[in-house]
Structures are given as structure tokens and as C-alpha cells.
Amino acid sequence: GIAEVKPSKCASESKKDNLSSSQRRCSDSVDSVDKVDPIAEFITRHTTIAHKINKPNLAQNVNPHQRRTLTVRSVPVHESSLQPEVHQLFCRYQTAVHGDSDPFFGNTESIKGKDDDHDYAYYQQKNPLGFLDIEAAYCHLDKIRRSKIKANYLTFYRFLCETPVVQDEFPSKENPPSEDGYDIHVPFGTYHQQYRLSTSEDEFDGPLIAVGVADILPHCFSSVYAFYDPIISNSLELGKYTALREIEWVRRASQLRPELHNYYLGYYIHSCQKMTYKAEYKPCELLCPVNMKWVDFEDGKKRLEECSPTRHCCALFTDSPSPDHKSDAGKPKFKIEDIMLDIGEKEPQLVQVGMLNRQGREFIDPHVNEFVSEIGIDMCSKFVIKLR
């Protein structure tokens, strides 16, 4: 919720744990000289970046050594998307973690320019809610740089700001957050939970260090994405902190809204290393894609590895109906001939396996049978196989 930030301790705690008592006393005496204060470093760096890319009248000098408090608030997504620093933080994160190019820095030689402007302008004409006017926000930067920012902002907006979730009416701003800053009173909708290093626990005025994108729904808190300053996260582990705080948010919200008691971390791909962190928060479950039932993660993981060792895609749960169970009695059984194939080159062209002639079946059957043998006939009904 609201946490007092003590930078020097955060930066040096783990290293001190490995020191002897005499070494620790010596280390404590030179902390102020040898240790880099991650909070002060961040604020200094944040101020430098702001002076480079924001309008001169918006860039302010901030005391990097002022005592700070971490405050968190759920900001409706279409308000947050209008704040340039949110997109700027997203760019820093994507550059450091995923290797994307930062539109605010670096060379501009490979920029398409006209195409970027056209795509952005076309989208802007639709007047989407909370769409930032890049021309107004960065009019002091050169045209090519603005074109690059437009292209990146459009990607950011589509990815983390557009939402099918209808935003309920927001309560009066005078309605205070609950104890410790957990604003569990907010209505259903899509939010950017902003983490700021504020000047006090009652303010929300400091530089932005992290954003958690979330859908707050009647039965769950759906964690969509999180991005944060990658350098300060080396000291504060913001990825884990945002997840743990979201879990605590759900725990507290469930006391106010008993039906809202689930924390949803989105899709899980067993072969994707960047998704393995989702299983670290326990107890956790996976949703079976065949019969839409939740199964314990360890049970689901074991079945994935045993039944689908290559593609990691299969039913995670098998029903064992009683003899008098007749729910599927009149339902035709799915057959290999019913599997859909996409045989188009540029545009999709769908056909069923059973529609192929003998020559086509002789070619395609070995591949289809191998696919079916791993993921199961039930899962095949949910796939279209693309032929290349």
C-alpha cells in the first residue's frame, strides 16, 4: 500500500547478510560513502530524462535526497494514457527487458515517418478515449522523432489502454482510499495502478516508478501487464512487489466484495521461460482448455509434460462420468476428418481434412495423426492447422 522507502537499506541488505559481524560494522560505517542510493539515483536520472524529452516548462528540478514514500493508486486507464510519463516508462521497460528500440533516444535513420504518421493520424481521427496528442505533447522535438514516438505510442495504446471493459462511474474524489492505501472501493473497470515516490503518504506527487495494468472485474482481479523502471528494480524487485501487492489488494477487496476473490495472471505457456514466474505465487491453478475446469498447477504441469512433451497443449482434466451420465449421449463425436486446415497462401482458406481427395489425404494424414496423438482429439476441435 503505502510504504516508507529507505534506500540505503534496500540497496545493501542482501550483501550485508553474507558478511561477518566485524565486516558488517565496518560496512555500516562506510555505507554513506560506498553505497549508491537507488532512490536518489533514480530521481536524478528521472529528472535528467525529463529535461531532455519534455517541454522546458514541464521539467522540474527535484531534490533527489528528499525523504520519499511509495504511494499507489488505481488510475482509470483513459486518464493514465494521457500522461506522457506513463508511456515514457513503458518505453524504458520495453527497451531494457525486451530489447525494443526507445523512440525517445537513438538514431532515427530507419524511421518510416510517413507511414507512422498516417497510422497514428488514422487512429486519432476515430477519437478514441484517452488518446494522447503527440504533436502537442512533444512539439519541441523534431518531426522525425515525433513520428517515431507516434508509432510506439500507438502500439502502447492498443496493447495496454484499449479495453472492452466498461468503466463504471468513478466515486467522488473525496472518497478516501482504505487503510494503507489499498483503494479497494474503486468500481469495476480497467486501471493503471501507478506506483510513485511521493513526498508524503497523503500525496501522489512523485516520479513514476511502476505501473500495473489491471482489469477489476466482478469475480477477479485480472493482472494484464506490469512495467517499471528497470534500473531501480534491480534493488527493489518491482515485478515481484507489484504482483504481491495485487494479491494483497484482492485479499482486502474480498472482505468488502466477497464475490471478488480470485487473482488471474493471464495465459500460461509452459515452454515460455518468461511465464514461469506465474507459478511462483501459490496456491495456483490452470484452466483446462477442453472442459473449462480449474486444476492444481502441479497436476496440470505433470499432465502437460507427460501427455504433450513437445507442444505442451492437451486436456488437463479428464471427466469420469457415471454410467447414467447422458449429457453427451446425443452429441456426435469429433473425428479426424472434422479437423480444420488453412490451405490459403495469402488469405485464409479453410477446409476440413475429410474434404481432401485421396492424394491430399496421403500427404496430410501422417502430419495430422502426429498432431492428434500428442494433443488429443478433443483439443484438435479447437485448432485450425496452418499448412506451409
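Residues numbered from 1 in each chain as written. Predicted model: local features only at pLDDT ≥ 70, side-chain atom pairs only at ≥ 80, totals over all residues. Heavy atoms only, no water.

Caption draft 1: Geometry of the overall build of the protein chain. Looking only at helices and strands, one finds 14 helices and eleven strands in the protein chain. For the protein chain, buried positions account for 41% of its 388 residues. Contacts in the protein chain between residues far apart in sequence, at least 24 positions, make up 64% of those at least 6 positions apart. Split by element, the accessible area of the protein chain, about 22,800 Å² in all, is 52% carbon and sulfur. (Helix = DSSP H or I, 4+ residues; strand = E, 2+ residues; numbered from the N terminus. Buried < 20%, exposed > 50% of the residue type's maximum accessible area, 1.4 Å probe, protein only. Contact = heavy atoms within 4.5 Å. Areas by Shrake-Rupley, 256 points an atom, 1.4 Å probe, with all protein chains shown as cover.)

Caption draft 2: The arrangement of the environment of Asp229 in detail. Topologically, Asp229 is positioned in the loop between strand 5 (220–228) and helix 10 (233–236). Asp229 sits 140 residues away from Leu89 along the chain, and the two C-alpha atoms are 6.5 Å apart. Here Asp229 is in contact with Phe42, Arg45, Leu89, Arg92, Ile209 and Leu238, once residues within four sequence places are set aside. A polar contact is formed between the side chain of Asp229 and the backbone nitrogen of Ile231, at a distance of 3.2 Å. (Polar contact = N/O pair within 3.5 Å; in protein donor to acceptor, adjacent residues only side chain to side chain.)

Caption draft 3: Looking closely at the side chain of Gln94. Within the secondary structure, Gln94 sits in helix 6 (residues 84–98). A polar side-chain atom of Gln94 sits 2.6 Å from a polar atom in the side chain of Tyr225.

Caption draft 4: Fine view of the layout of surface pockets. As a volume, the largest pocket reaches approximately 1,200 Å³. The wall of the largest pocket is formed by 35 residues, among which Gly266, Glu285, Leu286, Leu287 and Trp294 lie closest to the centre. Mapped onto the lining of the largest pocket, the elements with two or more residues apiece are helix 11 (238–256), strand 6 (262–264), strand 7 (285–287) and helix 12 (297–307). The biggest single contributor to the lining of the largest pocket is helix 11, with four residues. Residue classes in the lining of the largest pocket are distributed as 24 nonpolar, five polar and six charged. (1 Å grid on protein atoms, 1.4 Å probe; cavity = no way out; pocket = protein on both sides within 12 Å on 5 of 7 lines; lining within 4 Å. Points joined across faces, edges and corners; volume = space filled by probe spheres on them. Nonpolar A, V, L, I, M, F, W, Y, C, P; charged D, E, K, R; others polar.)

Caption draft 5: Looking closely at a negative patch on the surface. Residues Glu201, Asp202, Glu203 and Asp205 make up a contiguous surface patch of negative charge. By the secondary structure assignment, Glu201 is in the loop between strand 3 (189–198) and strand 4 (208–216). Among the residues examined, Glu201 registers a relative accessible area of 51% and is labelled exposed. (Patch = residues over 30% accessible without salt bridge, like charges linked within 9 Å, V, L, I, M, F, W, Y side chains within 5 Å. Salt bridge = Lys/Arg side-chain N within 4 Å of Asp/Glu carboxyl O. Lys, Arg positive; Asp, Glu negative; His and termini not counted. Charge placed at Lys NZ, Arg CZ, Asp CG, Glu CD.)

Caption draft 6: The arrangement of the pattern of salt bridges in detail. Applying the stated criterion across every chain, the model contains 17 salt bridges. The residue Arg45 makes a salt bridge to Glu41 at a minimum N-O spacing of 2.9 Å. In this pair, Arg45 and Glu41 both sit in helix 4 (residues 38–53), four residues apart, roughly one turn of the helix. For Glu135, the salt bridge goes to Lys150, with nearest N and O atoms at 2.7 Å. Of the two residues, Glu135 sits in helix 8 (residues 134–137) while Lys150 sits in helix 9 (residues 143–160), which places them 15 residues apart along the sequence. Sharing partners across several salt bridges, the network here consists of Glu41, Arg45, Arg92 and Asp229.

Caption draft 7: Region of the structure containing the pairing of strand 3. For strand 3, the buried fraction is high: ten of the ten residues fall into the buried class. Taken together, the eight bridges between strand 2 (residues 69–76) and strand 3 define a ladder with antiparallel strand orientation. Bridge assignment links Val75 to a residue of strand 3, and that residue is His192. Here strand 3 pairs with strand 4 via eight bridges, running antiparallel. Following the sheet pairing, Gln194 is matched in strand 4 by Val211. (Pairing = 2+ DSSP bridges.)

Caption draft 8: Structural detail: helix 12. Buried within helix 12 are the following residues: Phe297, Gly300 and Leu304. Taken around the axis of helix 12, the buried residues stretch over an arc of 65°, which confines them to a single face. Those residues of helix 12 that are exposed and aimed more than 90 degrees away from the buried face are Asp299 and Glu306. Those residues of helix 12 hidden inside the fold are in contact with strand 7 and strand 8 (294–296). Two or three places before Glu298, at the start of helix 12, stands the capping residue Asp296, its side-chain oxygen 3.1 Å from that residue's backbone nitrogen. (Arc of directions from axis to C-beta.)

Caption draft 9: Summary view of the packing of helix 6 against helix 9. Viewed as axis vectors pointing N to C, helix 6 and helix 9 meet at an angle of 95°, and their least axial separation amounts to 11 Å. Overall, the two elements helix 6 and helix 9 adopt an arrangement that is roughly perpendicular. Facing helix 6, whose interface residues are Val86, His87, Phe90 and Cys91, helix 9 presents Ile149, Asn152, Tyr153, Phe156, Phe159 and Leu160. Class assignment of the residues belonging to the contact of helix 6 with helix 9 gives a composition of eight nonpolar, two polar and no charged. (Axes fitted to C-alpha atoms, helices over the stretch in contact; angles between N-to-C directions. Parallel < 35°, antiparallel > 145°, perpendicular 65-115°, else oblique.)

Caption draft 10: Fine view of a nonpolar patch on the surface. Taken together, the side chains of Tyr264, Tyr267, Leu287, Met292 and Trp294 present a nonpolar region at the surface, about 580 Å² in accessible area. Accessibility expressed as a relative area gives 32% for Tyr264, which makes it partly exposed.

Caption draft 11: Seen up close, the nonpolar core. One finds Tyr153, Phe156, Ile209 and Phe227 to be the most contacted residues of the largest nonpolar core, which totals 41 residues. The dominant element in this core, judged by the number of residues it contributes, is helix 9, at six residues. Setting aside residues no more than four positions away along its own chain, Phe227 makes contact with Val86, Leu89, Phe90, Tyr93, Phe156, Leu160, Ala210, Val211 and Val213. Ile339, Val351, Ile364 and Ile385 belong to the second largest nonpolar core, which has 13 residues in total. (Core = buried A, V, L, I, M, F, W, Y, C linked by side-chain atoms within 4.5 Å.)

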